[in-house]
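Chain and residue survey
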Amino acid sequence: MIVRFYNSELLCEAREGETLLSVFGRYGVSIAAPCGGRHLCGKCKIKIVNGLFRGDVPDSSGLVLACRTIPETDVTVEIPSLEHTYDGGAYQFISPDGDSPEQVTGSIKRAGVALDIGTTTVSARLVDLDARRELGTYSALNAQKVFGADVMSRIGAARAGKTQELFNLINRQTREILEGFRQKFNVENIELLTVAANTTMLHLFANTDPSMMGEVPFTPVFLEERIYSGEELSLRTDKVLLLPSISAFIGGDIVSGLGEIDILNARETVLFIDIGTNGEMALCHNGKIYCASAAAGPALEGAEISCGAGSIRGAINKVEWADGEIRFTTIGGEKPLGICGCGLIDAMALMLDQEVIDEGGAFSDDQRKEFSITQGISLINRDVRQFQLAKSALLSGIKILCKSAGLEPADVQKVYIAGGLGFYIDQKNAVRTGILPGEFLDRIKVCGNTSLKGAVKALLDSGFLDYCKKITAMSGTMELASDPAFMDAFAENMLFPFEL
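Now for a quick tour of the structure. Please read all numbers here as calculations on a predicted model, not as lab measurements.

1. A few points about the overall build of the chain
For the chain, the helix and strand inventory stands at 11 helices and 25 strands. Relative to the globule expectation of 23 Å for 500 residues, the C-alpha radius of gyration of the chain, 23 Å, shows essentially globular dimensions. Reported as C-alpha extents along the three principal axes, the dimensions of the chain are approximately 65 × 60 × 50 Å. Split into buried and exposed, the 500 residues of the chain put 56% on the buried side. Restricting to contacts in the chain with at least 6 residues of sequence separation, those with at least 24 account for 65%. Split by element, the accessible area of the chain, about 20,900 Å² in all, is 47% carbon and sulfur. If the 47 positive side-chain charges of the chain are averaged to one point and the 64 negative ones to another, these points end up 2 Å apart.

This is the structure in structure tokens:
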């Protein structure tokens, strides 16, 4: 059967008995499916314009779930959500010294690209290697999101024989990024591509099965740096460098970030936290680096939240109470289409302050079913619970990591917050809701996408790889999931803290 797309020339072929979500995955159609096709999230909604199908019943808007829908004839489908785009990426020119794009492009003799592959978002930066300046950026949702919102969903897909499909998605997305930089910035040759990513994403980028990281003892195929020719990965670049990882769940993105903040020269006790679908953290104390990864789940990246969205244009990124009403802002000032992690933290803090929810997370009024932020965007009790699971995992991980180094949270002198969440996070609300310990207030430094910044350094500094290797050599990892103390702390930290 042939699957056509409304207002598009794209054609896909469906196998007998195959769901449309599976078809989308094989052909690289970018559609959000946070639960990985387990029929839980309800976000892979599409409209069948014509053709026969089975498996799901259209809702009042005529939408069906792609994960439940199996075509029986040729069909034409429409993907209505603003997040469900075939590209979704955006290039942006970085003006060095006030130059215009015309003054800069065309004069680039030697170029490099730094690439950060997050589970949710892919970001890239074009660098003029001779002038040692950054010229352009790119960001988009990770095309692999059709296979689920978190790392374990991707590993599960690999275990089901989908490694090649996962590789094809990120490989095609990378090829498009490189080609976009060439065309938009008139670049003839890209000499080097440096890649920072979590360990699973690095495996999939290299077309390596990550399945063994899905079960105890969580064994990666590789942790060391890898160097390829562009031809080996079908990429138009001379060389590809994958930065090294520390463990199955402390990847090259964290190593890159630690290199970016120059962790080896820190003279105080420093905690580095990258908040995403996992809360990866590294504590530097007395010449040692203690690492851990807390499975926060994708709630803070908008997934598994009923009105959730990634950090994309139109996502609500700030919520507050002003002049007797709820006020909010969105990324890019666009019409609100959902709420991202930072907005979710603010909304939870507001619900606590106004006693809409109690310390256990339940609505104080038994008759209340939701907390409305604006028309069409509301939080329900299940959303509160998903947030509690995420914040408890993060807070518990921080406390156990500190304890393993013989410290209390109050002993940490500086806290770096990295990742997309760090761009907009309200530190006081993060403490108010219990994501971070109260002792961290006024010690937090938001540092953005350190993974990408480190990958840029790897382009410009031939010694940066050796620096990263030194970080991995002095780092040790705690397995929180098997630590009874973590489980006890997790249960305790599900409660919201008393008002500060």
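2. Regarding helix α7 (residues 381-404)
With 24 residues, α7 should cover 34 Å at 1.5 Å per step; its first-to-last C-alpha distance of 34 Å lies within 8% of that length. Burial analysis of α7 places 17 of its 24 residues in the buried class, which makes it a mostly covered element. Following α7 by one or two positions, Gly406 adopts a phi angle in the positive range, close to 75°.

3. Re unusual backbone geometry
With an omega of 10°, the peptide bond between Val216 and Pro217 qualifies as cis. Within the secondary structure, Pro217 sits in the loop between α4 (199-205) and β13 (226-229). Unusually for a residue other than glycine, Glu355 sits at a positive phi of about 60°. Classification of Glu355 as exposed rests on a relative accessible area of 61%. Positive phi values are uncommon outside glycine, yet Asp442 reaches one of about 75°. Tracing the backbone through its elements, the reader meets Asp442 in the loop between α8 (427-432) and β24 (444-448). Owing to a relative accessible area of 75%, Asp442 belongs among the exposed residues under this scheme.

4. Some remarks on the pairing of strand β18 (residues 315-322)
Pairing analysis gives two bridges linking β18 to strand β20 (residues 338-339), with the strands arranged parallel. In the strand pairing of β20, Ile316 is matched with Ile339. In this structure, β18 lies alongside strand β19 (residues 325-330), joined through six bridges in antiparallel fashion. Residue pairing across strands places Ala322 opposite Glu325, the latter belonging to β19. As consecutive antiparallel partners, β18 and β19 are separated by two residues, and within that stretch Asp323 has a phi angle of approximately 55°, a positive value.

5. Describing the packing of helix α5 (residues 252-260) against helix α10 (residues 464-473)
Between α5 and α10, the least distance of the axes is 9 Å, while the angle of their chain directions is 110°. Comparing the axis directions of α5 and α10 gives the class roughly perpendicular. Note on element contacts: α10 touches α5 through Phe464, Tyr467, Cys468, Ile471 and Thr472, opposite Val255, Ser256, Leu258, Gly259 and Glu260. Split by residue class, the contact of α5 with α10 holds six nonpolar, three polar and one charged.

6. Looking at the nonpolar core
Counting 61 residues, the largest nonpolar core has Phe24, Ile46 and Phe205 as the members making the most contacts within it. The biggest single contributor to this core is helix α3 (residues 151-185), with 10 residues. Among all residues touching Phe205, those that are not within four sequence positions of it are Leu115, Ile117, Phe167, Ile170, Thr174, Leu193, Val195, Leu233, Leu235, Val240 and Leu242. Residues Met281, Met351, Ile373 and Ala405 belong to the second largest nonpolar core, which totals 57 residues.

7. What about the pattern of salt bridges?
Taken as a whole, this structure holds 19 salt bridges when the rule is applied. Of the charged contacts, one joins Arg26 and Glu18 as a salt bridge, the two residues approaching to 2.8 Å between their closest N and O atoms. Measuring nitrogen to oxygen at the nearest pair gives 3.1 Å for the salt bridge that ties Glu134 to Arg125. Judged by its relative accessible area of 28%, Glu134 falls in the partly exposed class. The network of salt bridges with common partners includes Arg110, Asp130 and Glu191.

8. Quick look at the sheet that holds β18
What links the strands of a sheet is backbone hydrogen bonding, and the strands pair in either a parallel or an antiparallel sense. On the basis of which strands lie adjacent, the open sheet formed by three strands has the order β19-β18-β20 and mixed pairing. Of all the strands in the sheet, the pair left with one neighbour each is β19 and β20. Across the sheet, helix α6 (residues 341-353) touches β18, β19 and β20, and the angle it forms with β18 is around 25°.

9. Topic: the packing of aromatic side chains
Here the structure, examined in full by the defined rule, presents six aromatic pairs. Taken together, a centroid distance of 6.1 Å and an interplanar angle of 40° make the contact between Phe486 and Phe490 tilted. In this pair, Phe486 and Phe490 both sit in helix α11 (residues 484-492), four residues apart, roughly one turn of the helix. A cation sits over an aromatic face here: Arg226 above Phe222, 4.0 Å from the ring centre.

The rules behind these values
Residues numbered from 1 in each chain as written. Predicted model: local features only at pLDDT ≥ 70, side-chain atom pairs only at ≥ 80, totals over all residues. Heavy atoms only, no water. Helix = DSSP H or I, 4+ residues; strand = E, 2+ residues; numbered from the N terminus. Rg over C-alpha atoms; globule rule 2.2 N^0.38 Å. Buried < 20%, exposed > 50% of the residue type's maximum accessible area, 1.4 Å probe, protein only. Contact = heavy atoms within 4.5 Å. Areas by Shrake-Rupley, 256 points an atom, 1.4 Å probe, with all protein chains shown as cover. Lys, Arg positive; Asp, Glu negative; His and termini not counted. Charge placed at Lys NZ, Arg CZ, Asp CG, Glu CD. Expected span 1.5 Å × (residues − 1). Pairing = 2+ DSSP bridges. Axes fitted to C-alpha atoms, helices over the stretch in contact; angles between N-to-C directions. Parallel < 35°, antiparallel > 145°, perpendicular 65-115°, else oblique. Nonpolar A, V, L, I, M, F, W, Y, C, P; charged D, E, K, R; others polar. Core = buried A, V, L, I, M, F, W, Y, C linked by side-chain atoms within 4.5 Å. Salt bridge = Lys/Arg side-chain N within 4 Å of Asp/Glu carboxyl O. Phe/Tyr/Trp six-rings, centres within 6.5 Å; stacked < 30°, edge-to-face > 60°. Lys NZ or Arg CZ within 6 Å of the ring centre and 35° of its normal.

Function cannot be read off these values alone, since they describe shape.
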